[in-house]
Amino acid sequence: METAFRRVEQQTVTRTWWKEAIAYQIYPRSFNDSNGDGIGDLRGIIEKLDYLEDLGIDVIWICPMYKSPNDDNGYDISDYQGIMEEFGTMEDFDALLQAVHARGMKLLLDLVVNHTSDEHPWFVESRQSIDSPKRDWYIWRDGQGGEPPNNWASIFGGSAWELDPETNQYYLHVFSKKQPDLNWENGDVRTAVYDMVNWWLDKGIDGFRVDAISHIKKKPTDTMLPSPDGKKYVTAFSMYSNIDGIHEYLQEMKRKTFANYDIMTVGETNGIEPEAADLWMGADNGAMNMAFHFDHVDIMRQSRLAPLDVVELKRIFDKWQQGLLETGWNALYIENHDMVRAVSLVGDENHYWRESATALGMMYFFMHGTPFIYQGQEIGMKNVPLPSIHDYDDVATKNEYFERIANGMSEIDSMQQVWGTSRDNVRTPIQWDASPHAGFSTVTPWMPVHEEYETLNVEAQAKDAHSILSFYKTMIRLRRAEETFTYGSYRDVLPDHRQAFVYERAFEDKRFLIVTNLTANPATVTLPDVVTGTLVLTNELDPEPIDTETFLLKPFEARLYRL
Ligand code: NOJ
């Protein structure tokens, strides 16, 4: 009998290691401190490679570990070919690379080339005089009557321009004022960037996550933006994101660097659409292998103030899943170092912590694409609200807090936003065990550990077959064992259901059904057909059989069936 669940025709797929990989993101400062200075480091990562191997990880992406004054925790690089002192030395890096490879794993670095630190020698030279040979390596403009050249806002708040008193000109910074943007129009800049990229690739690293890459091309800087609400500086993504002509640079970078190595590249591409997939991540023409888009993150973030819009979330995923099935590849994620904890934002950390962390995990993990896990997500780490703005480290958090106050918001309201949105929520040390400082360090760490660390930690969950960690391990094992999850088609079975996310993956003669309730209320679900098959994984400790077309899912219940 032909069931209402669709059978798929023969699919042709191109198998590649990075499509089959499970990736894990490390924020080195908070991962593991090996030398007792309260800051995570490269040797600390080496110490935990057994843990990652046991988890089933094959690709590790480490956030920037280069020399940096740490205005934006390493995303402000002052030496692309040097290691940040707190993190170790180049010998430590080489040892890490070797240890990763010895386990058959791969290592991706963060490639941050939209901007450098203002302490990078290129910028130091550029700012010296208007005639400096490197002046044009950055974007310098005259002000207008004591004001910046235009009213573009920085992504981190305030003007996107900073006056340099020495030469009385302004430089552009899409992020913090200590992150001046490189001028990609200048061919020498591009050559210097490509040389550096090739230097790392020749060292044997396995690829890059490419930071803020959709911002490298800008609109002409004499473009003023309308300000409907009278704000002095206006959100300016339309002036410095995905601007026409960007693909010339991306294709050139690919040709001169990435294309010559067997590597994995993941772009951070705020604002792109699947229609542009061929040039961004198409199998032949794509500048990169895959990209992190932000569409689902926007919906997740809206759930801070209103119930999660499950229908819209599914629509967005469907757009990307269908959109990239033929052309391109998805990078799947629900957390990273710029977000807050998914279980705190979209889940219910107080009443359904284990259930919601696992349901959210299952929701994205079996989609078409390469899944990424952000450190601590696999144990359901929660947001860490701190008492005062002075307890925070993140430059964006602080800028935005003070900007809101300057615009008339009360301190408590501004703090509420910090608690709900600060990137520091995901940057606290990993809770390894119940010992002091959660086993992260022998001394007080650079950021406080979550107060629940004595019970919420890796060691406790490793011993518990029903823990979030055990659930993640099983999901990883299933994904690795079953290529339907890698290469199969995707279909949203119930696009209009307001609580449940039900999708089908199919490949050759195999079909799987992923069923999750993304709300803290029971959900009545009616499927087009009775589910006949094997229950492969569930977060229910005592699952009831589903033997009718209509059935009830408990809050945040998650089930995976082989049909
Ligand atoms: C995106 C990175 O993910 C974020 O952490 C950083 O602050 C900005 N790019 C600037 O590099």
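Calculation notes
- Residues numbered from 1 in each chain as written.
- Predicted model: local features only at pLDDT ≥ 70, side-chain atom pairs only at ≥ 80, totals over all residues.
- Heavy atoms only, no water.
- UniProt positions renumbered as here; feature names shortened; annotations may be inferred.
- Axes fitted to C-alpha atoms, helices over the stretch in contact; angles between N-to-C directions.
- Helix = DSSP H or I, 4+ residues; strand = E, 2+ residues; numbered from the N terminus.
- Parallel < 35°, antiparallel > 145°, perpendicular 65-115°, else oblique.
- Left-handed = near helix turned anticlockwise from the far one by under 90°.
- Contact = heavy atoms within 4.5 Å.
- Nonpolar A, V, L, I, M, F, W, Y, C, P; charged D, E, K, R; others polar.
- Pairing = 2+ DSSP bridges.
- Near = heavy atom within 4 Å.
- Polar contact = N/O pair within 3.5 Å; in protein donor to acceptor, adjacent residues only side chain to side chain.
- Areas by Shrake-Rupley, 256 points an atom, 1.4 Å probe, with all protein chains shown as cover.
- Salt bridge = Lys/Arg side-chain N within 4 Å of Asp/Glu carboxyl O.
- Buried < 20%, exposed > 50% of the residue type's maximum accessible area, 1.4 Å probe, protein only.
- Domains from an automatic or database assignment.
- Buried area = accessible area lost by both parts, 1.4 Å probe.
- Phe/Tyr/Trp six-rings, centres within 6.5 Å; stacked < 30°, edge-to-face > 60°.
- Lys NZ or Arg CZ within 6 Å of the ring centre and 35° of its normal.

An unreviewed UniProt entry lists the protein chain under the name Alpha-glucosidase, from Exiguobacterium alkaliphilum. The Sequence similarities (unreviewed entry) field of the UniProt record for the protein chain holds the comment "Belongs to the glycosyl hydrolase 13 family."

A. Region of interest: the packing of helix 13 (residues 395-406) against helix 14 (residues 411-421). Where helix 13 contacts helix 14, the axes come no closer than 9 Å and their chain directions differ by 150 degrees. Considering their axes alone, helix 13 and helix 14 lie roughly antiparallel with respect to each other. In terms of crossing hand, the pair formed by helix 13 and helix 14 is right-handed. Across the interface between the two elements, Thr397, Tyr401, Arg404 and Ile405 from helix 13 touch Glu411, Ser414, Met415, Gln417 and Val418 from helix 14. When its residues are assigned to classes, the contact of helix 13 with helix 14 shows 4 nonpolar, 3 polar and 2 charged.

B. Looking closely at the sheet that holds strand 14 (residues 489-492). Ordered by their spatial adjacency, 5 strands build an open sheet running 14-15-16-20-18, and the pairing between neighbours is antiparallel. Each having just a single partner strand, strand 14 and strand 18 (534-538) make up the two edges of the open sheet. The mean inter-strand angle of the sheet, taken between neighbouring strand axes irrespective of direction, is 20 degrees. Pairing of strand 14 with strand 15 (residues 500-507), which is carried by 4 bridges, proceeds in the antiparallel orientation. Its bridge partner being in strand 15, Arg491 is matched across the sheet by Glu504. Along the sheet, helix 10 (residues 310-325) makes contact with strand 14 and strand 15, crossing strand 14 at roughly 155 degrees.

C. Quick peek at the site of the ligand. Around the ligand sit 13 residues in total, of which Asp72, Arg209, Asp211, His337 and Asp338 are the nearest. Within the side chain of His337, an N or O atom sits 2.8 Å from an oxygen atom of the ligand. Relative to its unbound accessible surface of 300 Å², the ligand loses 98% to contact with the protein. When the residues that make up the shell around the ligand are grouped by side-chain class, the tally is 3 nonpolar, 3 polar and 7 charged.

D. How the structure looks around the pattern of salt bridges. Taken as a whole and judged by the stated rule, the model has 36 salt bridges. Across the pair Glu268 and Arg209 runs a salt bridge whose closest N-O atoms are separated by 3.3 Å. Remark: Arg209 occurs in strand 9 (residues 207-210) and Glu268 occurs in strand 10 (residues 264-268); sequence separation between them is 59 residues. The class of Glu268 is buried, set by a relative accessible area of 11%. Exposure remark for Arg209: the relative accessible area of 2% places this residue in the buried category. With its nearest N and O atoms 2.9 Å apart, the salt bridge here joins Asp295 to Lys319. Note that Asp295 is positioned in helix 9 (residues 295-302) and Lys319 in helix 10, a separation of 24 residues in sequence. Taking relative accessible area as the criterion, Asp295 reaches 12% and is therefore assigned buried.

E. The UniProt feature "domain: Glycosyl hydrolase family 13 catalytic" (unreviewed entry) in the protein chain, seen in detail. In the numbering used here, UniProt assigns the feature "domain: Glycosyl hydrolase family 13 catalytic" (unreviewed entry) to residues 25-427. The straight-line gap between the two end C-alpha atoms of residues 25-427 is 12 Å; of that span, 33% is helix and 12% is strand.

F. Focus on the pairing of strand 20 (residues 558-562). Most of strand 20 is tucked away, with 4 of its 5 residues classed as buried. As judged from the 5 bridges shared by strand 16 (residues 510-517) and strand 20, these two strands associate in the antiparallel manner. Each residue of the ladder has a partner; that of Ile514, found in strand 20, is Leu560. With 4 bridges connecting them, strand 18 and strand 20 associate as antiparallel partners. Each residue of the ladder has a partner; that of Leu537, found in strand 20, is Leu560.

G. Looking closely at the domain arrangement of the protein chain. Partitioning the protein chain into domains gives domain 1 (23-116 + 187-385 + 455-476), domain 2 (121-172) and domain 3 (489-562). Each of domain 1 and domain 2 has a C-alpha centre, and these two points are 29 Å apart. Facing 23 residues of domain 1, the contacting portion of domain 2 comprises 21 residues. The junction of domain 1 with domain 2 conceals about 1800 Å² of combined surface from both sides, 67% of it contributed by carbon and sulfur atoms. For the domain 1 face of the interface with domain 2, the top three residues by lost area are Thr221, Tyr233 and Tyr240, together amounting to 34%. Between domain 1 and domain 2 we count 1 salt bridge in total. One salt bridge connects Glu147 with Lys232, and the closest N-O pair in it is separated by 3.3 Å. Across the contact surface, domain 1 and domain 2 share 9 residue pairs in polar contact (both at pLDDT 80 or more). Contributions of two or more residues to the side of domain 1 that touches domain 2 are made by helix 5 (187-203) and helix 6 (237-240). Taken together, the residues that form the side of domain 1 that touches domain 2 break down as 12 nonpolar, 6 polar and 5 charged.

H. Geometry of the packing of aromatic side chains. Scanning the model with the defined rule gives 36 aromatic pairs in all. Centre to centre, the rings of Phe123 and Trp140 are 5.6 Å apart; their planes meet at 10 degrees, and the pair counts as stacked. You can see Phe123 sitting in helix 4 (residues 121-126) and its partner Trp140 sitting in strand 6 (residues 140-141), a full 17 residues away along the chain. By relative accessible area, Phe123 is classed as buried at 0%. An angle of 65 degrees between the planes, with centres 6.3 Å apart, marks the rings of Trp184 and Tyr194 as edge-to-face. Within this pair, whereas Trp184 is found in the loop between strand 8 (169-172) and helix 5, its partner Tyr194 is found in helix 5, the two being separated by 10 residues in sequence. Grouping residues by exposure puts Trp184 and Tyr194 together as buried. Stacked on the ring of Trp446, the Lys or Arg Arg29 has its end atom at 5.3 Å from the ring centre. A cation over an aromatic ring shows up here: Arg135 above the ring of Trp140, its NZ or CZ 3.7 Å from the ring centre.

I. Expanded view of the sheet that holds strand 8. Taken in spatial order, the 3 strands line up as 6-8-7 in an open sheet, and their pairing is antiparallel. What marks the edges here is a single partner per strand, and that holds for strand 6 and strand 7 (161-164). Note: strand 7 against strand 8, 4 bridges, orientation antiparallel. Among the inter-strand pairings, Asp164 is bridged to a residue of strand 8, identified as Gln169.

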